[in-house]
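As a plain string of letters, each chain reads:
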Amino acid sequence: MSDTPPDRLSINPKSPYFNAAVLERGVGIRFRGAERTDVDEYCVSEGWIRVPVGNTRDRHGYPLTIKLTGTVEPYFQEAGEQGE
């Protein structure tokens, strides 16, 4: 596996951009210079992330999300950083 996170990644198993092996390794997101821990999906090349909107759910039970645009910097977390 490469040392660079994928261009696009999702935590939803039904998404075509879901990758369990990468998620197990631990991916952190820096968005507009700040650490984000609530990211559901991101795309570096298009410059956006999707984050949940409160506790609101859609008709399938998934959290409703909003797309935020800006600079996205994914990175692999160190072993001690995972689960924080």
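Quick summary incoming for the structure in this document. A quick note: this is a predicted structure, and the numbers were derived from the prediction, not measured. (Residues numbered from 1 in each chain as written. Predicted model: local features only at pLDDT ≥ 70, side-chain atom pairs only at ≥ 80, totals over all residues. Heavy atoms only, no water.)

### Focus: the sheet that holds strand β2 (residues 27-31)
Reading across the sheet, the three strands line up as β3-β2-β7 and stay open at both edges, with antiparallel pairing between neighbours. With one partner strand each, in any of the chains shown, β3 (34-36) and β7 (72-76) form the two edges of the open sheet. Within this sheet the neighbouring strands show an average axis-to-axis angle of 35°, counted without direction. Of the strand pairs in this sheet, β2 and β3 are connected by three bridges, and their pairing is antiparallel. Bridging across to β3, Phe31 finds its partner in Ala34. (Pairing = 2+ DSSP bridges. Helix = DSSP H or I, 4+ residues; strand = E, 2+ residues; numbered from the N terminus. Axes fitted to C-alpha atoms, helices over the stretch in contact; angles between N-to-C directions.)

### What to know about the nonpolar core
Across soluble globular proteins, nonpolar side chains have a tendency to be buried as a group. Among the nonpolar cores identified, the biggest contains 11 residues, and these are Leu9, Val22, Val27, Ile29, Phe31, Val39, Tyr42, Ile49, Val51, Val72 and Phe76. Secondary structure elements with two or more residues in this core: β2, β5 (48-57) and β7. With three residues, β2 is the single largest residue contributor to this core. Those residues in contact with Phe76, other than ones at most four positions away along the chain, are Ser2, Asp3, Thr4, Pro5, Val22, Arg25, Gly26 and Val27. (Core = buried A, V, L, I, M, F, W, Y, C linked by side-chain atoms within 4.5 Å. Buried < 20%, exposed > 50% of the residue type's maximum accessible area, 1.4 Å probe, protein only. Contact = heavy atoms within 4.5 Å.)

### Observations regarding the pattern of salt bridges
Pairing of side chains with opposite charge becomes possible as their charged atoms draw close. In this structure the tally under the stated criterion is five salt bridges. Put simply, Asp3 and Arg25 hold a salt bridge, and the shortest N to O gap is 3.4 Å. Placement of the pair is Asp3 in the segment before β1 (8-10) and Arg25 in helix α1 (residues 20-25), with a sequence separation of 22 residues. Classification of Asp3 as exposed rests on a relative accessible area of 67%. Take Arg25: its relative accessible area is 29%, and that puts it in the partly exposed class. Salt-bridge contacts for Glu41 lead to Arg8; the nearest nitrogen and oxygen are separated by 3.1 Å. Highlighted residues: Glu41 in strand β4 (residues 41-43) and Arg8 in strand β1, separated in sequence by 33 residues. Under the relative-accessibility criterion, Glu41 is labelled buried at 12%. Looking at Arg8, the relative accessible area reads 24%, which means it is partly exposed. Through salt bridges with shared partners, one network takes in Arg30, Glu35 and Glu73. (Salt bridge = Lys/Arg side-chain N within 4 Å of Asp/Glu carboxyl O.)

Keep in mind these values describe shape, not function.
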